[in-house]
Amino acid sequence: MCAAAEFLGHLFSLRLVAREEQQRLAASLASRRVLDQLVTAAQREGVSLAGQLTTAALNLTHLIGCSGAVIAVDGEYRTVGEVPPRRIARAVFDTLGSQAEILACDAVPTELPQFAEYRAVACGMLAFRLSRDEGVAWFRPETVRTVDWGGDPENLSDLVDRLERRGLGRAGLTPPAVRRPSPAG
C-alpha cells in the first residue's frame, strides 16, 4: 500500500512539473508574438516609438502582463495603464537601478520603504535603461495572498506526535521561508 501511494505521489509530481513547463512555454510564446507585433508596429512611419508602444490596442502592458508601463525615449515620457506619478517612477528607477542596466524587484516597498504608499500600483517593477534618461519600466500592484495552514501553527504538539510516528519528525511542520528579494546587480 505504501509503495502504491509513493508511486502515485511521484506520478502526480511529474504531471505537475509537466503542466508547469507547458504553461511557461505557452506564456513565452505569447510574449514572443506580442513582441513581434510591437516591433512591426514600431517600424511604421508617422508615430513616435513611445506613442506606438503606449497608445495602440496592443502595447507594452501586453508584453509581460502587468498593470502599467512607463517609457522614456527620444525625449518623450509616456505611460500606459496604472503607474505611479512620474517623480515616483523616476525615483524608484534611479534608486534601485543605480548599479544595474536591468532591474527586477518584486517588493519595492520592502526595498524602499519611502515608496510604500504606492504599493497598490508599484509593488513590483521590471525595468531596463537605454541611457541615463531613457528606459522602460513595467509595474505590478501588490498581490495579497492568504495561506491556510492545516491547523494552528502555534499548537503543534499532537501533530508532531503523529508525524514522528510516521517518521517525518518536525521537518513536515516547517513553514516555507519568507522569500526576500535579492539585491539588484
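Refer to the structure above for everything that follows.
How each quantity is defined
Residues numbered from 1 in each chain as written. Predicted model: local features only at pLDDT ≥ 70, side-chain atom pairs only at ≥ 80, totals over all residues. Heavy atoms only, no water. Helix = DSSP H or I, 4+ residues; strand = E, 2+ residues; numbered from the N terminus. Buried < 20%, exposed > 50% of the residue type's maximum accessible area, 1.4 Å probe, protein only. Contact = heavy atoms within 4.5 Å. Areas by Shrake-Rupley, 256 points an atom, 1.4 Å probe, with all protein chains shown as cover. Salt bridge = Lys/Arg side-chain N within 4 Å of Asp/Glu carboxyl O. Pairing = 2+ DSSP bridges. Core = buried A, V, L, I, M, F, W, Y, C linked by side-chain atoms within 4.5 Å. Expected span 1.5 Å × (residues − 1). Phe/Tyr/Trp six-rings, centres within 6.5 Å; stacked < 30°, edge-to-face > 60°. Lys NZ or Arg CZ within 6 Å of the ring centre and 35° of its normal. Patch = residues over 30% accessible without salt bridge, like charges linked within 9 Å, V, L, I, M, F, W, Y side chains within 5 Å. Polar contact = N/O pair within 3.5 Å; in protein donor to acceptor, adjacent residues only side chain to side chain.

## With respect to the overall build of the protein chain
Looking only at helices and strands, the protein chain has seven helices and five strands in total. Every one of the 185 residues in the protein chain was classed for burial, and the buried ones make up 29%. Put simply, 46% of the contacts in the protein chain that link residues at least 6 apart link residues at least 24 apart. Within the structure as shown, the protein chain displays about 13,000 Å² of accessible surface, and the carbon and sulfur contribution to it stands at 55%.

## Re the pattern of salt bridges
For the structure shown, the criterion picks out four salt bridges. Close ionic contact of Asp36 with Arg32 constitutes a salt bridge, the shortest N to O distance being 3.1 Å. One end of the pair, Asp36, and the other, Arg32, are both in helix α1 (residues 2-42), four residues apart, so they sit about a helical turn from each other. Residue Arg119 pairs with Glu142 through a salt bridge whose shortest N-O separation is 3.2 Å. Here Arg119 is found in helix α6 (residues 119-122), whereas its partner Glu142 is found in the loop between β5 (134-140) and α7 (157-165), with 23 residues between them in sequence. Given the relative accessible area of 36%, Glu142 is considered partly exposed.

## Re the pairing of strand β1 (residues 68-73)
Among the six residues in β1, six count as buried, and that is most of the element. With burial as the criterion, each face of β1 is covered, one bearing Gly68, Val70 and Ala72 and the other bearing Ala69, Ile71 and Val73. Summarising the sheet, β1 and strand β2 (residues 76-81) pair through six bridges and their orientation is antiparallel. If you follow Val73 over to β2, its bridge partner there is Glu76. Taking the residues that link successive antiparallel strands as the turn, the β1-β2 hairpin has two residues, and the phi of Asp74 there is positive, at about 55°.

## Some words on the nonpolar core
Residues Val92, Val108, Phe115, Met125 and Phe139 are the most contacted members of the largest nonpolar core, which totals 16 residues. Secondary structure elements with two or more residues in this core: α4 (86-96), β3 (102-105), β4 (124-131) and β5. Among the elements that make up this core, the one with the highest residue count is α4 (three residues). Core analysis: the second largest hydrophobic core is formed by 13 residues, Ala50, Leu60, Leu63 and Ile71 among them.

## Some details on α1
Working note: α-helix, 3.6 residues per turn, so residues spaced by three or four point in the same direction. When the terminal C-alpha atoms of α1 are compared, their 60 Å separation across 41 residues agrees well with the 60 Å that a helix rising 1.5 Å per residue should span. Regarding α1, the residues found buried are Val34, Leu38 and Ala41. Looking at the buried residues of α1, the elements they touch are α2 (49-55) and α3 (60-64).

## Observations regarding the packing of aromatic side chains
Counted by the stated rule, this structure contains one aromatic pair. Note on Phe128 and Trp138: the rings are 6.0 Å apart at their centroids and 40° apart in plane angle, and the pair reads as tilted. Here the residue Phe128 occupies a position in strand β4, and Trp138 occupies one in strand β5, the gap between them amounting to ten residues. The cationic tip of Arg86 hangs over the ring face of Tyr77; the distance from NZ or CZ to the ring centre is 4.1 Å.

## Side note on a nonpolar patch on the surface
Residues Phe7, Leu8, Leu11 and Phe12 make up a contiguous nonpolar surface patch of about 420 Å² in total accessible area. Relative to the helices and strands, Phe12 resides in helix α1.

## Details of the environment of Thr61
Looking at the element boundaries, Thr61 is found in helix α3. Judged by its relative accessible area of 13%, Thr61 falls in the buried class. In sequence terms Thr61 and Val80 are 19 residues apart; their C-alpha atoms lie 7.4 Å from each other. Of note is the side chain of Thr61, whose polar atom sits 2.5 Å from the side chain of Asn59.

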